[in-house]
Amino acid sequence: MMVFHVVLILILALLSFWKLAQKKLKPRLNCPRSLPSLPIIGSLLQLAGHSQLHLLFYRLQQKYGSIYSLYMGSHYVVVVNNYLQAKEVLLKKGKIFAGRPRTVTTDLLTRNGKDIAFASYSPLWKLQRKLVHSALAMFGEGSLTLEKLICQEAAFLCEFLNATQDSSLNMAPELMRAVSNVVCSLCFKSSYRHGDAEFETMLQYNQGIVDTVAKEGLVDIFPWLQYLPNKDLALLKRCVEKRDQLLLQQFAKHKEEFNSDSVSDLMDALLRAKLNMENNNSNLPNRHELTEDHLLMTVADIFGAGVETTTTVLKWAVLYLLHYPEVQQKIQEELDQKIGFNRHPQLSDRQHLPYFEATISEVLRIRPVSPLLIPHVALEDTSIGEYDIPKGTRVMINLWSIHHDEKEWNNPGEFNPGRFLDEYGNRIYSPSPSYLPFGAGIRVCMGEALAKMELFLFLAWILQRFTFTIPEGHTLPEPEGKFGVVLQVPPFKVKATLREVWKGLAVDQ
């Protein structure tokens, strides 16, 4: 009986504390309408059983409006589903909302926030981002050097498809290898070939990271759960350890061979920047805090994000071309007409291939690679529209809702490249201001220019020569993604067949 009374008193105390905390959080504030919440667990009962959070948040608009709030445990979260409010967060008040939440899984991935994507806004973060931009500029984002690099990998990809044509093929590993090699060349001046054991290791640890990081799982909501047995957390630790082993090998090699007069990749550029800061009496704040961990995590960020996101979009593109063979045929007709059969596509062809470019844009709209952008955190008391937003609030931008807004897009669930073309067939780069495939503002995707180059060149090279069809005896999955740090594509098989017009033709590389 005594135990019962103690438990009852504790429950009443918790309820009282919860009510007091809510009053303190919102004293006379005009906050967005909130989902029901309970002490300790917050609104988790409302989310239980819904693994596709972006779709749930999309549907909840019908009851709560385009902006509403909820509690994930004790964390106060505001969900934004409208592009006007999203642009206020990302652009108008970008620096105010430039914080990031600290979570168990992202801290493990980034050595406690020493990367760029998951680190909060700070002078050191600005410096890291500036260094990466400088390193990319070294290759001239769009220069012949980078184009040649991507085209080389596109040629290897076409050779593989030619050798395996008419067979039932899982293209995912080969697409990832091609994208990986571009990023590897940028980061390490290295690459992988078919059957490379290190690449197979990278595939495994990368999938483990994608499956476990930043999914709003219970361990990120209740950090104390990390001290209990947890299969996902154990998997993430193993995958991060494997990733770090490969990174440290490259880092040790670069440090040993480093020559500040001969910088040829991102890791060299970061090492030189650190050396310059230590030697040149820099006036930049926090200059002594740019540790080797920061360099490693910056490279890990560029490698991880740059590979997974672009590969995911390529897989979505192939899946949609299988679902819509008439779109594939129209792209090939445009390629034949504008490029012909004597050479391969080049970046300069983009302006002459409006339908092909429109198709890529539509893939990015209908299946945004990151349906819920990485959460932002308000660094001070502020507002979104008419609503007050207290400091520390986590803000989720539901890009899925924004890209499927019926007020902005006609039949948004329909795959229609034509929405990115005018009545004369000319390209419309943004038919709606709600088109934000790479985010916006100071935390916009750093690899946007590189990703656009890769998407265009890889797909153009392949579709110029090969036609995708569904292998006999295989069923094509519906294009329903799996929610995570990226919107994962369902597994599928494809048959790549060399087009008749290309049989026997030799093309200059």
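Residues numbered from 1 in each chain as written. Predicted model: local features only at pLDDT ≥ 70, side-chain atom pairs only at ≥ 80, totals over all residues. Heavy atoms only, no water.

Undergrad: Any chance you could explain unusual backbone geometry here in plain terms?
TA: For residues besides glycine, phi is generally negative; the peptide bonds are generally trans as well. Phi is positive for Ile40, close to 70 degrees, though the residue is something other than glycine. The partly exposed category is assigned to Ile40, whose relative accessible area is 48%. A positive phi angle, near 65 degrees, is found at Asn112, a position not held by glycine. Its place among the elements puts Asn112 in the loop between helix H5 (104-110) and helix H6 (123-139). (Buried < 20%, exposed > 50% of the residue type's maximum accessible area, 1.4 Å probe, protein only. Helix = DSSP H or I, 4+ residues; strand = E, 2+ residues; numbered from the N terminus.)

Undergrad: Would you mind showing me how to read the sheet that holds strand E6 (residues 394-397) here?
TA: Spatial strand order, E1-E2-E6-E3: 4 strands in an open sheet with mixed pairing. Sheet topology places strand E1 (67-72) and strand E3 (376-377) at the edges, where each strand pairs with a single neighbour. As paired elements, E1 and strand E2 (residues 75-80) share 6 bridges and run antiparallel to each other. Within E2, the residue paired with Met72 across the bridge is His75. Each of E1, E2 and E6 touches helix H3 (residues 53-64); the most contacted strand, E1, lies at about 125 degrees to it. Seen against the sheet, helix H4 (residues 83-92) touches E1, E2, E3 and E6 and runs at an angle of roughly 125 degrees to E6. (Pairing = 2+ DSSP bridges. Contact = heavy atoms within 4.5 Å. Axes fitted to C-alpha atoms, helices over the stretch in contact; angles between N-to-C directions.)

Undergrad: Hey, could you run me through the packing of helix H11 (residues 231-257) against helix H13 (residues 292-323) in this one?
TA: For any two helices packed against each other, the geometry is given by the interaxial angle and the distance between the axes. Where H11 contacts H13, the two axes come as close as 11 Å, and the packing angle between them is 115 degrees. Relative to H13, the crossing made by H11 is right-handed. Every residue of H13 that contacts H11 at Arg243, Asp244, Leu247, Leu248, Phe251 and Lys255 is listed here: Glu292, Leu295, Leu296, Met297, Val299 and Ala300. In terms of residue class, the contact of H11 with H13 is built from 8 nonpolar, no polar and 4 charged. (Left-handed = near helix turned anticlockwise from the far one by under 90°. Nonpolar A, V, L, I, M, F, W, Y, C, P; charged D, E, K, R; others polar.)

Undergrad: How should the pairing of E6 be read in this particular structure?
TA: Working note: regular strand, side chains alternate between the two faces of the sheet. Side chains of E6 alternate between two faces, with Arg394 and Met396 and Val395 and Ile397 buried alike. In the sheet, E2 pairs with E6 via 4 bridges, with the strands oriented parallel. Across the sheet, the residue bridging to Val79 is Met396, located in E6. As defined by bridge partners, E3 adjoins E6 across 2 bridges and the pair is classed as antiparallel. For Val377, the partnering residue across the bridge sits in E6 and is Arg394.

Undergrad: Sorry if this is basic, but what is going on with the pattern of salt bridges here?
TA: Between side chains of opposite charge, a pair can form as their charged atoms come close. Under the definition given, this model contains 16 salt bridges. Notably, a salt bridge pairs Lys482 with Asp211, separated by 3.9 Å at the nearest N-O pair. Taken together, the residues Lys482 in the loop between strand E7 (466-469) and strand E8 (495-498) and Asp211 in helix H9 (residues 197-212) connect sequence positions 271 residues apart. Accessibility expressed as a relative area gives 22% for Asp211, which makes it partly exposed. Taking the shortest distance from any N to any O, the salt bridge between Arg365 and Glu362 comes out at 2.8 Å. One end of the pair, Arg365, and the other, Glu362, are both in helix H15 (residues 354-366), 3 residues apart, so they sit about a helical turn from each other. Put simply, Arg111, Arg243, Asp244 and Asp293 are held in one network by salt bridges that share partners. (Salt bridge = Lys/Arg side-chain N within 4 Å of Asp/Glu carboxyl O.)

Undergrad: Is there a simple way to explain the packing of aromatic side chains in this structure?
TA: Two aromatic rings are characterised by how far apart their centres lie and by the angle between their planes. This model, assessed by the stated rule, comprises 15 aromatic pairs. Geometrically, the ring pair formed by Phe341 and Trp502 is edge-to-face, given 5.9 Å between the ring centres and 65 degrees between the ring planes. Of the two residues, Phe341 is situated in the loop between helix H14 (325-338) and H15 and Trp502 in the segment after E8; the sequence distance between them amounts to 161 residues. With relative accessibility at 28%, the residue Phe341 sits in the partly exposed group. On the basis of an interplanar angle of 50 degrees and a centroid distance of 5.4 Å, the ring pair of Phe356 and Phe456 is categorised as tilted. With Phe356 in helix H15 and Phe456 in helix H17 (residues 448-465), this pair connects stretches of sequence that are 100 residues apart. Residue classification places Phe456 among the buried residues on the basis of a relative accessible area of 0%. Three or more aromatic residues link up through ring pairs in this structure, and these residues are Trp316, Tyr320, Tyr324 and Phe415. Between Arg365 and the ring centre of Trp409, over which it is positioned, the NZ or CZ distance is 5.3 Å. (Phe/Tyr/Trp six-rings, centres within 6.5 Å; stacked < 30°, edge-to-face > 60°. Lys NZ or Arg CZ within 6 Å of the ring centre and 35° of its normal.)

Undergrad: Would you explain H11 in this entry?
TA: What sets the pattern is the α-helix's 3.6 residues per turn: residues three or four places apart point alike. Across its 27 residues, H11 extends 40 Å between first and last C-alpha, which sits within 8% of the 39 Å expected from 1.5 Å per residue. For H11, the set of buried residues is Leu233, Leu236, Cys239, Val240, Arg243, Asp244, Leu246, Leu247, Gln250, Phe251 and His254. Between the side-chain oxygen at the start of H11 and the backbone nitrogen of Asp232 there is a gap of 3.1 Å, and the oxygen is on Asn230. (Expected span 1.5 Å × (residues − 1). Polar contact = N/O pair within 3.5 Å; in protein donor to acceptor, adjacent residues only side chain to side chain.)

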